[in-house]
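Reading the structure
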There are 2 protein chains.
Amino acid sequence: MEPTRVRAPSIRDVARLAGVSYQTVSRVLNDSPSIKPSTRQRVLQVIDEIGYRPNQAARALVTSKSRTIGVLTSTTAHYGPTTSLRAIEDAARAAGYVVSTTSMVTGDPGSVTESLEHLMAQAVEGIVVIAPQVRVFDAFRELALTVPLVTLDSTAADSPRSMAVDQVAGARLATRHLIELGHEEIIHLAGPRDWIEAEARMHGFLVEVRDADLRTHPPILGDWTADTGYRVGHELLGYRDFTAVFAANDQMALGLIHAFLEAGLDVPGDVSVAGFDDIPEASHYWPPLTTVRQDFAELGRRAVALLLSQLEGTTEVDHRQVTPELVLRSSTAPPR
Amino acid sequence: MEPTRVRAPSIRDVARLAGVSYQTVSRVLNDSPSIKPSTRQRVLQVIDEIGYRPNQAARALVTSKSRTIGVLTSTTAHYGPTTSLRAIEDAARAAGYVVSTTSMVTGDPGSVTESLEHLMAQAVEGIVVIAPQVRVFDAFRELALTVPLVTLDSTAADSPRSMAVDQVAGARLATRHLIELGHEEIIHLAGPRDWIEAEARMHGFLVEVRDADLRTHPPILGDWTADTGYRVGHELLGYRDFTAVFAANDQMALGLIHAFLEAGLDVPGDVSVAGFDDIPEASHYWPPLTTVRQDFAELGRRAVALLLSQLEGTTEVDHRQVTPELVLRSSTAPPR
DNA sequence: TCTCGCAATGTGAACGTACACATCAATGAA
DNA sequence: TTCATTGATGTGTACGTTCACATTGCGAGA
């Protein structure tokens, strides 16, 4: 039987075994310049032998840096945010940061504040907000937080700093595609009201429709789910003066198609449907979905780069918007 | 202009302003029993006034408890794991723990070790592994980690502790459903080889098929993606001695259906397809997908409860497997 | 030969908190 | 009255690390 392990080895244990002072060990750990190579090697060997791990708490205490990045995300498990989140984690880890995630209930104002408080209580050094809603900025201003904040998918002009896919351009791409096919009555199924990206996509749609001098139907507000797409699809069947629908994400597009097919309509024969996001399943929907692709992972990586540049003031950041791309598949066609 | 904030208020600042010793403040913070109500109130008021926040690093240093739970997940953004993850975060937060997530590249052995090291370097008090692969346990044993580990979706007998949906039962439900419809040639499109849940579903399928004295086709190994389902679907079209396919998840089922419909087959007329997971989109696939529903969120909550019971030795945990449920839709029917 | 300068290393704090123990007043029983 | 008991609070110390500031040794230039 092993003796009871009383306590993890500390920097002093390493120092004693290597025959140097604790400060020398500290210098090796933080690779300080003036350490004799032989000394460094001896210290590193002892560290390896006894399995020493620096105590993060002690480090954080004395440097008052937690090396933690907080991520605020929505509770719902959408593809885009999740993909960005993974990319954020990877990028942060590569830069020596730890990521602590917390989710807020969409639509609950208290939840945003509470989540931000939770992150601040952990002394995060910076915050990334994924898929932000207007409300987040309000809460942020209200709390007067003292750490840098970066947002994803936000094109809000008043955001402290944001890294975004050009949602407006993406929406225009999809809308123009439908217009060029010859559609003159296009309906937009938008995302929830206070979501900034939903707002941007809606704006892109409206601009493009207006530019083409088409009649503007007021966009319908959805909640990103396929269920809502399905319900809205059913309602739309009531009035037939449209030949195409542009949904603000792929899931709602799927629901729409379901409703149309179920009613005996042909997609894209009777109605064209375009989505947004290009989730991995979109190419296997029936019919395969025409949609707008955005690089969620790249977005996450850039967000971290942007945050780090504010934290460490070193790296130059590519601050341009990520450009989305139209992916043509089989759910859109010229009107009959 | 505000003067430069030199340093965050500490417990001593609170003590001075409240006219008590720092120890008294500490007691209030950890709600110790013997504090005069009037004193407690005075201290709390000062805390509120100056916006004091306990320094987690100092706390962690002295208690040698980080109050952090590490979560190890796969890089790919699947619905199930993501949903469980959100539930884990919520449950952990409710219990006063912080969650730090890290992802491993599926199929890369080094990545598992590296991710575990990363979590240990943060001094996490416990680890939850989502969607584990056999390899994780190997790495875990190898590192001889000193914190409790809980796994999700694992029915491996040798896991330290696991919280699972009864995958075998779920697979049997789906398979039996196809058999009862009259199918005699059923193919199983399984998940990747070393995924424990893939193994379990495959096992459930084989048991049920054997019980019914049907001819056993060797399961085909997939990678959970719709793309693979599509490719396999195409290959299957080569030999027609099957009337039904049971896919190990919904995405692969979607890909299969895509391949079949594209080839002019009718689903479920010519081929029945059943999936697993019941992701929110499954009911809007065309045709709506018959699948097996599992409660990912409940799984996450129970995993945290299990972990906390090991960390704090208090709560009694419901350790039964979560029971999955068959959801009948339109992608399955009797064979022609 | 002496001293200056630099490379390499060491010493004494301090970070903010919780624990163990000490202190003090008030209370009640002997 | 005296002393043990208890409730309420205070004092000293340790946690493991980094920072600021010594201190040493050695080679080069005067």
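What you see is a predicted model, and the numbers here were worked out from it, not measured in a lab.

Another point: the interface of chain B and chain A. By a widespread convention, an interface's size corresponds to the accessible area lost as its parts come together. Listed by partner, the interface residues are 49 residues for chain B and 49 residues for chain A. Buried area between chain B and chain A, both sides added, is near 4,100 Å², and the carbon and sulfur share of it is 57%. Between chain B and chain A we count 4 salt bridges in total. Where E114(B) meets R93(A), a salt bridge forms, and the shortest distance between an N and an O atom there is 3.5 Å. Between chain B and chain A we count 18 residue pairs in polar contact (both at pLDDT 80 or more) in total. Those elements that place two or more of their residues in the side of chain B that touches chain A are α4 (56–63), β1 (68–74), α5 (79–94), β2 (98–104), α6 (109–121), α10 (226–236) and α11 (250–262) of chain B. Of all the elements, α5(B) adds the most residues to the side of chain B that touches chain A, at 8 residues.

Right, let's get into the sheet that holds strand β7 (residues 220–221) of chain B. Residue and element names in this part refer to chain B. Across the sheet, 4 strands lie side by side as β7-β6-β8-β9; this open sheet has parallel pairing. Looking along the sheet, the strands with just one partner apiece sit at the ends: β7 and β9 (272–274). Summarising the sheet, strand β8 (residues 244–247) and β9 pair through 3 bridges and their orientation is parallel. Looking at β9, one finds that A244 is bridged to S272. Sheet strands in contact with helix α8 (residues 167–180) are β6 (186–190), β8 and β9, and its direction is about 170° off that of β8.

Burial along strand β8 (residues 244–247) of chain A is two-sided: A244(A) and F246(A) and V245(A) and A247(A), pointing in opposite directions, are all buried. Read from β8(A) through helix α11 (residues 250–262) of chain A to strand β9 (residues 272–274) of chain A, the crossover connection turns out right-handed.

Close contacts around DNA strand C come from 28 residues, with T24(A), R27(A), T39(A), I11(B) and Y52(B) the closest. Of all DNA strand C atoms lying within 4 Å of any protein atom, the proportion belonging to sugar or phosphate reaches 53%. Taking I11(B), its main chain carries an N or O atom lying 2.4 Å from a phosphate oxygen of DNA strand C. Of all the elements in the fold, those that place two or more residues in the surface near DNA strand C are α2 (22–29) and α4 (56–63) of chain A together with α1 (11–18), α2 (22–29) and α4 of chain B.

Residues and elements named next belong to chain A. Reading across the sheet, the 4 strands line up as β7-β6-β8-β9 and stay open at both edges, with parallel pairing between neighbours. In this open sheet, the two strands that pair with only one neighbour each are β7 (220–221) and β9. Inspection of the sheet shows strand β6 (residues 186–190) paired to β8 by 4 bridges, in the parallel sense. Bridged to I187 within β8 is V245.

The rules behind these values
Residues numbered from 1 in each chain as written. Chains lettered and ligands numbered in written order. Predicted model: local features only at pLDDT ≥ 70, side-chain atom pairs only at ≥ 80, totals over all residues. Heavy atoms only, no water. Contact = heavy atoms within 4.5 Å. Buried area = accessible area lost by both parts, 1.4 Å probe. Salt bridge = Lys/Arg side-chain N within 4 Å of Asp/Glu carboxyl O. Polar contact = N/O pair within 3.5 Å; in protein donor to acceptor, adjacent residues only side chain to side chain. Helix = DSSP H or I, 4+ residues; strand = E, 2+ residues; numbered from the N terminus. Pairing = 2+ DSSP bridges. Axes fitted to C-alpha atoms, helices over the stretch in contact; angles between N-to-C directions. Buried < 20%, exposed > 50% of the residue type's maximum accessible area, 1.4 Å probe, protein only. Right-handed = clockwise from strand over helix to strand, strands pointing away. Near = heavy atom within 4 Å.

Distances and angles like these do not, on their own, reveal function.
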